[in-house]
Amino acid sequence: MADELIPATPETESEEPIKQRKNGLYPGVSDELAENMQSGWADTELRDLEPIEQAAETARRRAALSARFPGERLVIPAGNLKTRSNDTEYAFRSSVEYAYLTGNQTEDGVLVLEPAGEGHRATIYLLPRSDRENGEFWLDGQGELWVGRRHSLTESEALYGIPAADVRELAEKLAEATGPVRVVRGYDAGIEAALTDKVTAERDEELRVFLSELRLVKDAFEIRELQKAVDSTVRGFEDVVKVLDKAEATSERYIEGTFFLRARVEGNDIGYGSICAAGPHACTLHWVRNDGPVRSGDLLLLDAGVETHTLYTADVTRTLPINGTYSELQKKVYDAVYEAQEAGIAAVRPGAKYRDFHDAAQRVLAAKLVEWGLVEGPVERVLELGLQRRWTLHGTGHMLGMDVHDCAVARTETYVDGVLEPGMVLTVEPGLYFQGDDLTVPEEYRGVGVRIEDDILVTEDGNRNLSAALPRRADEVEAWMAALKG
C-alpha cells in the first residue's frame, strides 16, 4: 500500500489542514510542486448521463415517505467510513434506508426532505469531487488519486434525479433548522450531533420503523435484482461443487474463497458471511470461521448469497454430500428436512398468515422426531411445548431484500403476526441439527446437520421459488453433483 504525501501547510488559514501521516517520507510540498499539480489536467466532467435504472422507484419511495410525515424535516444518512486498523478502512456499505430512497451508495451522503407546500423538497448532500486548488485530490488519503474519482454534484443530480449539495455545509444548516425533525440514527454521529436538541428517540424510531415496513412488499425492480442475486448464487454453488476435491486438500476456506470470487465478479459482494460448514460444523447455525477440514463421507452445509451492485442479496442453503452420495442416515435426515421445506413452501401464498409456513415445516419435523423415537409424542404435545426446538433451533425463514434479514425493525403486527402479500420475498429454511455431544440421540445422528433454504416470492396466485434452479431432492442433488464433477 502506498504511503501518502503530505503538504507543509494548508492552502489558506481558513481551510483545515489535510491530515498528515506521522511517518510519511515527504516532509512537505514545495510551492513549485503545488502550482504544478494545479494545472495541466483534462476536463473529465461526465455529461449526458442517464438516470439510474431505479430512479422512478426511488422517487416513488420518497413520495410515500413524504406523505407519511407531512410538515417534518426528514434526515436519512448513508453513514461514514469505519476504521479497520490504523489508517485502513472497511469497504463502505451504505445504510439500507439511504440507498433504498436514493440509489446512491457513497459514504457521508445524506438525504434531506424539507417541508415544502403540501409535500417535501428532497436534496441529496454529497461530497463533491476532490478539490484541485488545495491539493486534496492528490494529498488527502480519500482524495481522487488515492481512492478514485467521486461524481461531481452536477453528475449526481443527473444520475439520481435529486438536487445535490455539498454535505460539508449540512451540519451547520441542520443546527440552525427550526420545526419538527426526524433522523435515522446509528449511521452518522456528526449529523446526529447537529440535531441533538431537535429530535427524540421515539420519533426517530417511528421513522426507522416506517422505512422498514415500506420495504416489506418489493417492486418490480427489486424482484428483478433479487432474481439476479439468486442466479449468481446458483452459479456460485456450482463453482463450489466443482472444487470440492481442492477443499478436501485444504479446508472450508477454499469453499468460502470460491464462492466469494463469484460474488465479486458478478455482484458487489457477498450479502453476509458465507457459512461453509463441513461435518459437525453444520450443527453450528452461523459457522463463519470456515477453518475446518472437508472430509469425504461428511456433509457440507453451504449457506451463502451474492449481493448485487444495488445491494439486494440472495440467501440460499444446500446440504451436500462431499463425496457426492448421501449415506443412509444422512439421506434419512435430509429427506425429513426436504419434506418439511415442501410443506413450508406450500403454505406461502397471498392472504396466508406469515407464521403458517413456519408452523407447517415444524409440524413435519416434530412428526419425524416422534417417528424416530427421539422425543415422546404425540406431535401436538411436542409442538405445544416446543420440544422439537432442541434439534430444529431456529425459525423457518425471514424477509429478504437489501438486508439478508430484511425489514427487521418492522412492527410485529405487520411482520411476524402479519399476512403475506404479493411482492413479499422470504426464505423458507427448515433444518435439523444433532450436536456432536447430544447424548439424547443415537450416536449415528451426532454431528449431522441439514438445512435446505430457498428464496420464495409471494405471487398473486401462490408463490415462485426464485432459487428453483438449484436441485433440492436428494437424488437430484446427487445427479447434479455428478454432472458438475464430470
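Residues numbered from 1 in each chain as written. Predicted model: local features only at pLDDT ≥ 70, side-chain atom pairs only at ≥ 80, totals over all residues. Heavy atoms only, no water.

Caption draft 1: Local environment of the packing of helix 13 (residues 328-346) against helix 14 (residues 356-371). Viewed as axis vectors pointing N to C, helix 13 and helix 14 meet at an angle of 155°, and their least axial separation amounts to 7 Å. The orientation of helix 13 with respect to helix 14, classified from their angle, is roughly antiparallel. Crossing hand, helix 13 versus helix 14: right-handed. Along its contact with helix 13, which presents Ala-336, Val-337, Glu-339, Ala-340, Ala-343 and Gly-344, the element helix 14 presents Phe-357, Ala-360, Ala-361, Val-364, Leu-365 and Lys-368. The residue makeup of the contact of helix 13 with helix 14, split by class, is 9 nonpolar, 1 polar and 2 charged. (Axes fitted to C-alpha atoms, helices over the stretch in contact; angles between N-to-C directions. Helix = DSSP H or I, 4+ residues; strand = E, 2+ residues; numbered from the N terminus. Parallel < 35°, antiparallel > 145°, perpendicular 65-115°, else oblique. Left-handed = near helix turned anticlockwise from the far one by under 90°. Contact = heavy atoms within 4.5 Å. Nonpolar A, V, L, I, M, F, W, Y, C, P; charged D, E, K, R; others polar.)

Caption draft 2: Region of interest: the sheet that holds strand 9 (residues 275-278). Strand order in the open sheet made by the 3 strands is 9-10-12, with antiparallel pairing throughout. Two strands close off the open sheet at either side, each with one partner strand: strand 9 and strand 12 (316-321). Strand-to-strand twist across the sheet, computed as the mean angle between neighbouring axes with direction ignored, equals 10°. Here strand 9 pairs with strand 10 (residues 299-304) via 4 bridges, running antiparallel. Residue pairing in the sheet places Ala-277 in a bridge with Leu-301 of strand 10. Taken strand by strand, helix 12 (residues 252-266) contacts strand 9 and strand 10, and its axis lies near 150° from that of strand 9. (Pairing = 2+ DSSP bridges.)

Caption draft 3: Seen up close, the packing of aromatic side chains. All chains considered together, the criterion is met by 9 aromatic pairs. On the numbers, 4.9 Å between centres and 40° between planes, the contact of Tyr-326 with Tyr-334 is tilted. Assigned by exposure class, Tyr-326 and Tyr-334 land together as buried. Here the aromatic rings of Phe-434 and Tyr-445 are separated by 5.1 Å at their centres, their planes lie at 65°, and the arrangement is edge-to-face. With a gap of 11 residues between them, Phe-434 in strand 14 (residues 431-434) and Tyr-445 in the loop between strand 14 and strand 15 (448-451) connect regions that are remote in the sequence. On the accessibility criterion, Phe-434 (0% relative accessible area) is buried. When its relative accessible area of 3% is taken as the criterion, Tyr-445 is described as buried. Among the aromatic residues, those joined into a cluster by ring pairs are Tyr-354, Phe-357 and Tyr-415. Positioned over the ring face of Trp-41 is Arg-132, at 5.1 Å from the centre of the ring. Positioned above the aromatic ring of Phe-137 is the side chain of Arg-132, whose terminal nitrogen or guanidinium carbon lies 4.4 Å from the ring centre. (Phe/Tyr/Trp six-rings, centres within 6.5 Å; stacked < 30°, edge-to-face > 60°. Buried < 20%, exposed > 50% of the residue type's maximum accessible area, 1.4 Å probe, protein only. Lys NZ or Arg CZ within 6 Å of the ring centre and 35° of its normal.)

Caption draft 4: Summary view of the pairing of strand 1 (residues 73-77). Most of strand 1 is tucked away, with 5 of its 5 residues classed as buried. Residue alternation in strand 1 divides its side chains into two sets, Arg-73, Val-75 and Pro-77 and Leu-74 and Ile-76, and both sets are buried. Summarising the sheet, strand 1 and strand 4 (residues 110-116) pair through 4 bridges and their orientation is antiparallel. Bridging across to strand 4, Ile-76 finds its partner in Leu-111.

Caption draft 5: Here's a closer look at empty space enclosed by the protein. Counted under the stated rule, the structure contains 1 cavity of 30 Å³ or more. Size it by volume and the largest cavity reaches roughly 60 Å³. The wall of the largest cavity is formed by Gln-54, Thr-58, Arg-61, Ala-99, Tyr-100, Gly-103, Gln-105, Phe-221, Thr-310, Tyr-312 and Met-402. Of all the secondary structure elements, the ones that give two or more residues to the lining of the largest cavity are helix 2 (55-68) and helix 3 (96-102). Class assignment for the residues of the lining of the largest cavity results in 5 nonpolar, 5 polar and 1 charged. Two domains each put at least three residues into the lining of the largest cavity: domain 1 (50-215) and domain 2 (220-485). (1 Å grid on protein atoms, 1.4 Å probe; cavity = no way out; pocket = protein on both sides within 12 Å on 5 of 7 lines; lining within 4 Å. Points joined across faces, edges and corners; volume = space filled by probe spheres on them. Domains from an automatic or database assignment.)

Caption draft 6: Molecular detail of unusual backbone geometry. Residue Pro-378 follows Gly-377 across a cis peptide bond; omega there is 0°. Tracing the chain through its elements places Pro-378 in the loop between helix 14 and helix 15 (379-385). Positioned with a positive phi, Asp-108 is a non-glycine residue whose angle comes to about 75°. Here Asp-108 lies in the loop between helix 3 and strand 4. With relative accessibility at 23%, the residue Asp-108 sits in the partly exposed group. The phi dihedral of Leu-393 falls on the positive side, at around 65°, and the residue is not glycine. With respect to the helices and strands, the residue Leu-393 is situated in the loop between helix 16 (389-392) and strand 13 (425-428). You can call Leu-393 partly exposed: its relative accessible area is 34%.

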